[in-house]
Structure formats: C-alpha cells, structure tokens
Amino acid sequence: MSADVLALEIEAARARLLVLRMLQAGRSGHVGGALSCIDIVTALYFDILRIDPRSPNDGTRDRFLLSAGHKAMAQYAVLARRGYFPEDLLDTYGGLDSKFAGHPDMHKVSGIEANTGALGHGLAIAAGMALGLRMDGTASRVFTILGDGELPEGSNWEGASIAAHHGLDNLIAVIDVNDLQISGRTTNVMNMEPIADKFEAFGWAVTTIDGNNMSEVTDTLRSAPLIQGRPTAIVARTIKAKGISALEDTAQSHYWKPDAEALLEAHVELTNTLVQKIKARSDELMFTSRGTK
Ligand SMILES: Cc1ncc(C[n+]2csc(CCOP(=O)(O)OP(=O)(O)O)c2C)c(N)n1
Ligand SMILES: [Mg+2]
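Residues numbered from 1 in each chain as written. Chains lettered and ligands numbered in written order. Predicted model: local features only at pLDDT ≥ 70, side-chain atom pairs only at ≥ 80, totals over all residues.

## Looking at the overall build of the protein chain
Here is step 1 of the chain: Tallying secondary structure elements over the protein chain gives nine helices and five strands in all.
Here is step 2 of the chain: Each helix and strand of the protein chain, placed in order from N terminus to C terminus, yields the pattern α-α-β-α-α-β-α-β-α-α-β-α-β-α.
Here is step 3 of the chain: A compact globule built from 293 residues should have a C-alpha radius of gyration of about 19 Å, and the protein chain, at 18 Å, falls within 12% of that.
Here is step 4 of the chain: If you line up the protein chain on its principal axes, its C-alpha atoms span 55 × 50 × 35 Å.
Here is step 5 of the chain: Put simply, the protein chain has 293 residues, and 48% of those count as buried.
Here is step 6 of the chain: Taking the contacts inside the protein chain whose residues are at least 6 apart along the sequence as the reference set, 78% of them involve residues at least 24 apart. (Helix = DSSP H or I, 4+ residues; strand = E, 2+ residues; numbered from the N terminus. Rg over C-alpha atoms; globule rule 2.2 N^0.38 Å. Buried ≥ 20, exposed ≤ 12 C-beta atoms within 10 Å, placed from the backbone. Contact = placed C-beta atoms within 7 Å.)

## Some points on unusual backbone geometry
Here is step 1 of the chain: Residue Pro-194 follows Glu-193 across a cis peptide bond; omega there is 0°.
Here is step 2 of the chain: Along the chain, Pro-194 turns up in the loop between helix H6 (186–189) and helix H7 (195–201).
Here is step 3 of the chain: The omega torsion of the bond from Ala-224 to Pro-225 falls at 0°, within 30 degrees of zero and hence cis.
Here is step 4 of the chain: The phi dihedral of Arg-27 falls on the positive side, at around 75°, and the residue is not glycine.
Here is step 5 of the chain: Relative to the assigned elements, Arg-27 resides in the loop between helix H1 (3–26) and helix H2 (31–48).
Here is step 6 of the chain: The class for Arg-27 is partly exposed, based on 13 C-beta atoms found within 10 Å.

## Quick look at the site of ligand 1
Here is step 1 of the chain: The immediate surroundings of ligand 1 are formed by 22 residues, with Gly-33, Leu-119, Gly-147, Gly-149 and Gln-181 found nearest.
Here is step 2 of the chain: When residues of the shell around ligand 1 are assigned to their parent elements, the largest contribution, three residues, is made by H2.
Here is step 3 of the chain: Across the shell around ligand 1, the residue classes break down as five nonpolar, 12 polar and five charged. (Near = placed C-beta within 6 Å. Nonpolar A, V, L, I, M, F, W, Y, C, P; charged D, E, K, R; others polar.)

## Details of helix H5 (residues 154–165)
Here is step 1 of the chain: With 12 residues, H5 should cover 16 Å at 1.5 Å per step; its first-to-last C-alpha distance of 17 Å lies within 8% of that length.
Here is step 2 of the chain: Of all the positions in H5, only Asn-156, Gly-159, Ala-160, Ala-163 and Ala-164 are classed as buried. Buried residues of H5 fall within an arc of 130° about the axis and therefore sit on the same side.
Here is step 3 of the chain: Along its buried surface, H5 packs onto helix H4 (122–135), strand E2 (142–147), strand E3 (171–177) and H7.
Here is step 4 of the chain: Positioned one or two residues after H5, Gly-167 has a phi angle of 60°, which is positive. (Expected span 1.5 Å × (residues − 1). Arc of directions from axis to C-beta.)

Here it is in structure tokens:
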C-alpha cells in the first residue's frame, strides 16, 4: 500500500472519530450512512476536489453535494479536517442554535453547496450545476453522493436522463450501496438492482467498486470521467456503519442513540484503528526512506 493511501486512511479514521464527537454532543444521529460513505468523502476533499477552504466561493472550484443529506455528519467531519471551520464547532452538533443540523444547510456552513435531506433531489441539482458550469466555460466538476435507499425517488431518473442527454462528463455521481436504508435491507424494501445496469441504460459510464477501500476509491475518482461525453456513475459497495463492528451492516445503525458504554466501546475501537494506521504509515515511510538511501 502506498503512503498516500495510508495518509488518506488516517484522515478517514480521524473523521470517523469526529462523527463520534458529534454523536457525543448531540446524543443521537445518522451514524450508519455517515460511516458508510466517509471514506469516499475523505478521498474527495483530500485528493480529488479542486477547492480552497480559504476561498470557499471561488467560481472555478469543483462542487460536491451530498444528495443523501442525512449523512451530513460525514461531510461536517471532513470539512472540519480540511480547514473550513474549527473542529471545536462540531461540539454544538444537535443544539438548537447549532449551524450543524441533521441535514446540511448551505446558508450556515462553509463548504456546503446545496440544502439536501429530502431524498431524491441531489442528482438533478448536480446535473443543473454541471450544465451551468459547462455553459460558463469553467473546467469545474460536480460530484455527488447518493444512497441506495434514495434511488426509488423518480426525480433521480429525471436527473440521470438530463445528464446523459447533455453529455455532462463533468458530473460524477457516487451511489453508496450499503443494502440498508431506514427500515431494513434496500433490496427488500424497494429493490433497485441491478443499479449499474440501470445507469448504463440511461447513457452513463459506470463502474463498480468497494467504497470502503481507499485505493479503489481514489483510483476510480481520479480516472473520472470514465468516458468522454458521458456522466460517470460509480456504484460503491459499502458497509453501513463501517468501522464500528457492533453496529456494522445493521438497520439499527441508521439512526443511533448509543448509551455511554456503547459510545465508549466505539471510541476505543475507532481510536485503535487510527493508531494502527498511523503506525503502518510510519513503518512504511521508514522503510521507504531506508530503501531510497
Ligand atoms: C423524500 C424523503 N423521503 C423519506 C425520507 C426519510 N429517510 C431519511 S434517510 C432514509 C433512508 C435512506 O437510505 P439510504 O439512501 O440508503 O441511506 P443510508 O443507507 O446511507 O443511510 C429515508 C427513507 C427523506 N429524508 N426524504
Ligand atoms: Mg443505504
């Protein structure tokens, strides 16, 4: 594994701990969905997006919007790590006066590009943004993350059609397929498989990856657009609540209200993961520097 992949994994591990910090402040939240997509959100902000946190409104920036807005804790954590605002502000999460609500608000939080949370709208907003940016002659790209449980919303497929019709190759949609949504297995509640084939039939360039594998995530995002003249769909197979083993792949993780003991257990596990990653990176850097002497 290369050192830069490990560096991104360390960032993702730090972001997972910040999600717990918000949970500690607010006592409950959409942990499962946040942790299934957080490796992808980390890769975007630390490796892919052309952005400058000191100029969050620069017209030439790439855009990222979280269509599945309930995963907001993942974005808040990564925005804080990337320097959009101090991490301490996350301790207000869940408070009545907090800027950090359960769903993201572009008027309150620096770095948020759209208010999302009513599922099914992000893809159409992203397609409109991508078309507008292309008409403006900028090289900006638009990235969005959808949940598998939001795919049955018909508006997604209007957005998918528009994007293909206009050949928006500056639009990249990642579908976080953890096969869970609010009330159970997505494939039981409303089966949208085969998801990759559906996007392909709509005229998109499509690939399928392990969305919790950092090197697959970065390799794929770096290679977008997969086909010139077509929007890109990345079907990311993930594990809901990835990183907290007691919670992984459970419907209960969708909205978690842990007691003190469960929170502490999760904290210990995520801290251990972070320590292991830091150790692996330092071993690798030592090895690399010895090898090059
Ligand atoms: C239009 C709309 N209908 C219903 C909801 C309630 N809701 C919130 S999250 C969710 C399930 C989403 O599942 P998925 O997109 O798979 O997200 P994840 O598994 O990552 O949590 C639902 C139905 C909503 N936010 N918006
Ligand atoms: Mg899901």
